[in-house]
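Now for the letters of each chain:
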Amino acid sequence: MADEPLDEARLRRLIAVGRSLVQQLDLEALLAQIVAVAREVTGARYAAIGVLDEARAELERFLTRGIDEATRDLIGDPPRGHGILGVLIRDPRPVRLADLGDDPRSYGFPPHHPPMHSFLGVPIVVRGRAWGNLYLTDKEGGEFAAADEEAAVILADWAAVAIDNAGRFERQRLRDTMAAAEQERRRWARELHDETLQGLGGLQVLLSSALRRSSEPSQVEGAVRAAVEEIGTEIEKLRTLITELRPAALDELGLEPALESLAGRVAAVEGIVVTSEVVLADGERRRLPPDLETAVYRLVQEALTNAVKHARAERVDVRVTERDGCVELTVRDDGAGFDVGAPRAGFGLLGMEERVALAGGTLAVQSRPGAGTTIRATLSGATPRP
Ligand SMILES: Nc1ncnc2c1ncn2[C@@H]1O[C@H](COP(=O)(O)OP(=O)(O)OP(=O)(O)O)[C@@H](O)[C@H]1O
Ligand SMILES: [Mg+2]
């Protein structure tokens, strides 16, 4: 029995599992899935995945399946990779043992650890580098067979591809986020350059030429008056810029007044109708946690910018409601609409998705060419994702 080949049912299962693993882009969910599947396809009572540290000397993480939480708490610190676990770290090749206790390399178990006998360990090698190990113990009915080892090796290969994939996805997301931040800075730089710097340059010219003609008091007076007026305009522009960067109203007065004033500004500048309605669960409190207020404000800001820039909307309705600890936000415009599935070049919607994900919420964009756009976000207000 020990050398029976991998049966067809298990092979099929492994193929199906591989498909679903490589589609999982969230590393935490992926690791949990790998441990669960490892246990299932080998018939092990306990399964674990050990993730190596940067130096590949110790395990930096250890995820288990089969051990309940209370037992895990009793055992205490997760293993770092001594004994048999360390054998795989130093020499990443499959190890299969009938009984851990009989192996001289075995280190023994800490107090409260359930007894474990048969053992199967296989390395997970990602792009040629040892990444971690799959550990399986206590095969149902005795020892692990060659076919179990084969199944675990196939699974470890799938796992490696899926882990690499999830890592690349995460890195790409980070790059996108950084690119979005950079684009934002570029926009401020351009705005400061085109508006404030140009304005100050004009003032400099005006006042210098007045200085040169300082013998003609009437001209000097005229220049100073013009300069004072110009300074007034510049102050207004800078005030608008600063408000866009971080509206004082958001910190001092809260979301409702901040959104009202944002809606008012957009309406005035664009000559369209923008309504804003904020209904919080506790009408007295009128404040949400600061992170949540910022998130909602930024979402509305980008949605309004899009409605003005792309939709040529005539009316935009902003609505924020709080219910059961959740904040729901809708921004609806009556503009051109667009194909939601089409590839996008900008970072606005991406940034919105990122912001909503960080707040542990969901974002839905509903639109069709010719039918306006509705952005709906639900933010839990609970602790954000670690
Ligand atoms: N309210 C809307 N109405 C019509 N089209 C929209 C709307 N919102 C977004 N779009 C379309 O979706 C695309 C992507 O929007 P997104 O905000 O991600 O990027 P952007 O506005 O083009 O650039 P950025 O936001 O980075 O300045 C837009 O280019 C536009 O074609
Ligand atoms: Mg945009």
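Residues numbered from 1 in each chain as written. Chains lettered and ligands numbered in written order. Predicted model: local features only at pLDDT ≥ 70, side-chain atom pairs only at ≥ 80, totals over all residues. Heavy atoms only, no water.

1. Some details on the pattern of salt bridges
Overall, the coordinates contain 24 salt bridges when judged by the stated rule. Two residues, Glu 28 and Arg 61, come together in a salt bridge whose shortest N-O distance is 2.9 Å. With a gap of 33 residues between them, Glu 28 in helix 2 (residues 27-42) and Arg 61 in strand 2 (residues 59-65) connect regions that are remote in the sequence. Ionic pairing is found between Arg 187 and Glu 244, a salt bridge with its closest N-O pair at 3.5 Å. Residue Arg 187 is located in helix 5 (residues 146-212), and its partner Glu 244 is located in helix 6 (residues 217-245); the two are separated by 57 residues in the primary sequence. (Salt bridge = Lys/Arg side-chain N within 4 Å of Asp/Glu carboxyl O. Helix = DSSP H or I, 4+ residues; strand = E, 2+ residues; numbered from the N terminus.)

2. Regarding the coordination of the magnesium ion (ligand 2)
In the first shell of the magnesium ion (ligand 2), the protein supplies Glu 302 (OE) and Asn 306 (OD1), at 2.1 Å from the metal. With a gap of four residues between them, Glu 302 and Asn 306 both fall in helix 9 (residues 290-311), about one helical turn apart. Given the relative accessible area of 22%, Glu 302 is considered partly exposed. When its relative accessible area of 17% is taken as the criterion, Asn 306 is described as buried. (Donors = N, O, S within 2.8 Å, 3.2 Å for Na, K, Ca; no water. Buried < 20%, exposed > 50% of the residue type's maximum accessible area, 1.4 Å probe, protein only.)

3. Structural notes on a nonpolar patch on the surface
Where nonpolar side chains cluster on the molecular surface, the patch consists of Leu 192, Leu 238 and Ile 242 and spans about 240 Å² of accessible area. Residue class for Leu 238 comes out partly exposed when judged on its relative accessible area of 31%. (Patch = residues over 30% accessible without salt bridge, like charges linked within 9 Å, V, L, I, M, F, W, Y side chains within 5 Å. Areas by Shrake-Rupley, 256 points an atom, 1.4 Å probe, with all protein chains shown as cover.)

4. Observations regarding the UniProt feature "coiled-coil region" (unreviewed entry) in the chain
If you check UniProt for "coiled-coil region" (unreviewed entry), the listed places come out as residues 171-198 in our numbering. From the first C-alpha to the last, residues 171-198 spans 39 Å; its make-up is 100% helix and 0% strand. (UniProt positions renumbered as here; feature names shortened; annotations may be inferred.)

5. Notes on the domain arrangement of the chain
The assigned domain composition of the chain is domain 1 (8-173), domain 2 (179-243) and domain 3 (247-379). Here the C-alpha centre of domain 2 lies 65 Å away from the C-alpha centre of domain 1. (Domains from an automatic or database assignment.)

6. Things to note about unusual backbone geometry
Of note, His 112 is a non-glycine position whose phi angle comes to about 75°, a positive value. Along the chain, His 112 turns up in the loop between strand 3 (95-97) and strand 4 (119-126). The phi dihedral of Arg 127 is positive, around 45°, even though this residue is not glycine. Tracing the chain through its elements places Arg 127 in the loop between strand 4 and strand 5 (129-139).

7. Description of the nonpolar core
Of all hydrophobic cores here, the largest spans 37 residues; its most connected members are Leu 259, Val 296, Val 300 and Leu 329. Those elements that provide at least two residues to this core are helix 8 (255-270), strand 6 (273-279), helix 9, strand 7 (315-323), strand 8 (326-333), helix 10 (348-358) and strand 10 (373-379). For this core, the leading source of residues is helix 9, giving 10 residues. If near-sequence neighbours (up to four positions away) are discounted, Val 300 is found in contact with Leu 259, Leu 262, Val 318, Leu 329 and Val 331. (Core = buried A, V, L, I, M, F, W, Y, C linked by side-chain atoms within 4.5 Å. Contact = heavy atoms within 4.5 Å.)

8. Considerations on the side chain of Glu 234
With respect to the helices, strands and loops of the structure, Glu 234 is situated in helix 6. Not counting chain neighbours up to four residues away, the residues in contact with Glu 234 comprise Glu 195, Thr 196 and Gly 199.

9. Considerations on the sheet that holds strand 9 (residues 362-367)
Strand order in the open sheet formed by five strands is 6-7-8-10-9, and the pairing between neighbours is mixed. The sheet is open, and its two borders are formed by strand 6 and strand 9, each paired with just one other strand. Averaged over neighbouring strand pairs, the angle between their axes works out to 10° when direction is ignored. Across seven bridges, the pairing between strand 6 and strand 7 is parallel. Bridging across to strand 7, Val 278 finds its partner in Val 320. (Pairing = 2+ DSSP bridges. Axes fitted to C-alpha atoms, helices over the stretch in contact; angles between N-to-C directions.)

10. What about the packing of helix 2 against helix 5?
The geometry of helix 2 relative to helix 5 is characterised by a closest axis approach of 10 Å and an angle of 170° between their N-to-C directions. By the angle between their axes, helix 2 is roughly antiparallel relative to helix 5. Of the residues in helix 5, those touching helix 2 at Leu 27, Leu 30, Leu 31, Ile 34, Val 37, Ala 38, Val 41 and Thr 42 are Asp 148, Ala 151, Ala 152, Leu 155, Ala 159, Ala 162, Ile 163 and Ala 166. Classifying every residue of the contact of helix 2 with helix 5 gives 14 nonpolar, one polar and one charged. (Parallel < 35°, antiparallel > 145°, perpendicular 65-115°, else oblique. Nonpolar A, V, L, I, M, F, W, Y, C, P; charged D, E, K, R; others polar.)

11. As for the site of ligand 1
If you check the shell around ligand 1, you find 16 residues, and the closest are Asn 306, His 310, Asp 333, Phe 347 and Leu 349. Here His 310 contributes a side-chain N or O atom positioned 2.6 Å from an oxygen atom of ligand 1. For ligand 1, whose free accessible area comes to 600 Å², the fraction covered by protein is 80%. With six residues, helix 9 is the largest single contributor of residues to the shell around ligand 1. Grouping the amino acids of the shell around ligand 1 by side-chain chemistry returns five nonpolar, seven polar and four charged. (Near = heavy atom within 4 Å. Polar contact = N/O pair within 3.5 Å; in protein donor to acceptor, adjacent residues only side chain to side chain.)

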